[in-house]
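Report on the structure
This is what each chain is made of:
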Amino acid sequence: MPVVCIAPKDPWHDKMISQIQQAKARGGTVIAVATEGDELVSSMADYVLWVPECPWMLSPVVTVIPLQLLAYHIAVIRGLDVDQPRNLAKSVTVE
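Residues numbered from 1 in each chain as written. Predicted model: local features only at pLDDT ≥ 70, side-chain atom pairs only at ≥ 80, totals over all residues. Heavy atoms only, no water.

1. Overview of the overall build of the protein
Our working definition: The secondary structure listing takes helices from DSSP runs of H or I that are at least 4 residues long and strands from runs of E that are at least 2 residues long, numbered from the N terminus. Relative accessibility decides the category of a residue: with a 1.4 Å probe and only protein chains considered, values under 20% of the type maximum give buried, values over 50% give exposed, and everything between is partly exposed. The contact criterion used is simple: two residues touch if any of their non-hydrogen atoms lie within 4.5 Å. Method for areas: the Shrake-Rupley scheme with a 1.4 Å probe, in which residue coverage is limited to the protein chains shown.
Of the regular secondary structure elements, the protein holds 3 helices and 3 strands. Reading the secondary structure of the protein in the N-to-C direction produces β-α-β-α-β-α. In the protein, which comprises 95 residues, the share counted as buried stands at 25%. A fraction of 41% describes how many contacts in the protein between residues 6 or more apart in sequence connect residues 24 or more apart. A total accessible area of about 7200 Å² is found for the protein, and carbon and sulfur atoms account for 57% of it.

Structure representation (structure tokens):
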């Protein structure tokens, strides 16, 4: 089972590095979302999805894009209809 790690350059970067090391020690496959040029994450992760450097408060907006693309492509590979998600509660408000 792959482990997806979000490890941009932010105040919690060192803690995420520790979590990546623990996942690797247990034989996990690590897919990391990291800031471009982060050699430390690159050396530990099996696959890296690069995002541009940005202020750390903006990093959730930047890191979610490759995660959405990853989810989309996994759904397509599994043969799921990405335009008709299952078990999604929808509500429509009409005034």
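After presenting the structure, the write-up continues.
2. Section: the nonpolar core
Across soluble globular proteins, you tend to see nonpolar side chains buried next to one another. Where we set the bar: To qualify as a nonpolar core, a set must consist of buried Ala, Val, Leu, Ile, Met, Phe, Trp, Tyr and Cys residues joined through side-chain atoms within 4.5 Å.
Cys5, Ala7, Ile17, Ile20, Ala23, Val30, Ala32, Ala34, Val41, Met44 and Ala45 form the largest nonpolar core, which has 11 residues in total. Of all the secondary structure elements, the ones that give two or more residues to this core are β1 (2-7), α1 (13-25), β2 (29-35) and α2 (39-44). The contact partners of Met44, leaving out residues within four places of it in the chain, are Ile17, Ile20, Gln21 and Lys24.

3. Considerations on a nonpolar patch on the surface
Condition: Patch membership requires over 30% relative accessible area and the absence of a salt bridge. Like charges are linked within 9 Å, and nonpolar side chains (Val, Leu, Ile, Met, Phe, Trp, Tyr) within 5 Å. Counted as salt bridges are all cases of a side-chain nitrogen of Lys or Arg within 4 Å of a carboxyl oxygen of Asp or Glu.
Among the surface-exposed residues, Trp12, Trp56 and Met57 lie close enough to one another that they form a single nonpolar patch of about 380 Å² accessible area. Take Met57: its relative accessible area is 63%, and that puts it in the exposed class.

4. What to know about the packing of aromatic side chains
This is how the line gets drawn: Here is the rule: rings of Phe, Tyr and Trp (six-membered ring for Trp) pair when centre to centre is within 6.5 Å. Planes less than 30 degrees apart are stacked, more than 60 are edge-to-face, and the remainder are tilted.
Summed over all chains, the structure comprises 1 aromatic pair. Ring centres of Trp12 and Trp56 lie 5.3 Å apart, and the angle between their planes is 70°; on these two criteria the pair is classed as edge-to-face. Taken together, the residues Trp12 in the loop between β1 and α1 and Trp56 in the loop between β3 (47-51) and α3 (59-77) connect sequence positions 44 residues apart. Trp56 sits in the partly exposed class, given a relative accessible area of 39%.

5. Notes on the pairing of β1
Counted only if it meets this: For two strands to be treated as a pair, DSSP must find no fewer than two bridges joining them. A clockwise path from the first strand over the helix to the second, with the strands pointing away from the viewer, defines a right-handed crossover.
Where β1 and β2 come together, 6 bridges link them in parallel fashion. Bridge pairing links Ala7 to Ala34 in β2. Remark: the β1/α1/β2 crossover connection has right-handed handedness.

6. A word on the sheet that holds β1
Our working rule: To get an axis, a line is fitted to the C-alpha atoms, and for a helix only the part in contact is used. The angle between two axes follows their N-to-C directions and goes from 0 to 180 degrees.
The strand order β1-β2-β3 describes an open sheet built from 3 strands, whose pairing is parallel. The two strands at the open ends of the sheet, each matched to only one other strand, are β1 and β3. On average, adjacent strands in this sheet sit at an angle of 15° to one another, irrespective of strand direction. Of the pairings in the sheet, the one linking β2 to β3 comprises 5 bridges and is parallel in character. Residue Ala34 lies in a different strand from β3, and its bridge partner there is Trp50.

7. Quick look at α3
For an α-helix, the turn length of 3.6 residues means that residues three or four places apart are oriented alike. The following threshold applies: Here, expected helix span is obtained from the residue count minus one, scaled by 1.5 Å.
With 19 residues, α3 should reach 27 Å at 1.5 Å per residue; the first-to-last C-alpha distance of 28 Å fits that figure. Buried within α3 are the following residues: Ser59, Val62, Thr63, Pro66 and Ala75. In the core, the buried residues of α3 are packed alongside β1, β2 and β3. Positive phi shows up at Gly79, right after α3, with a value of about 80°.

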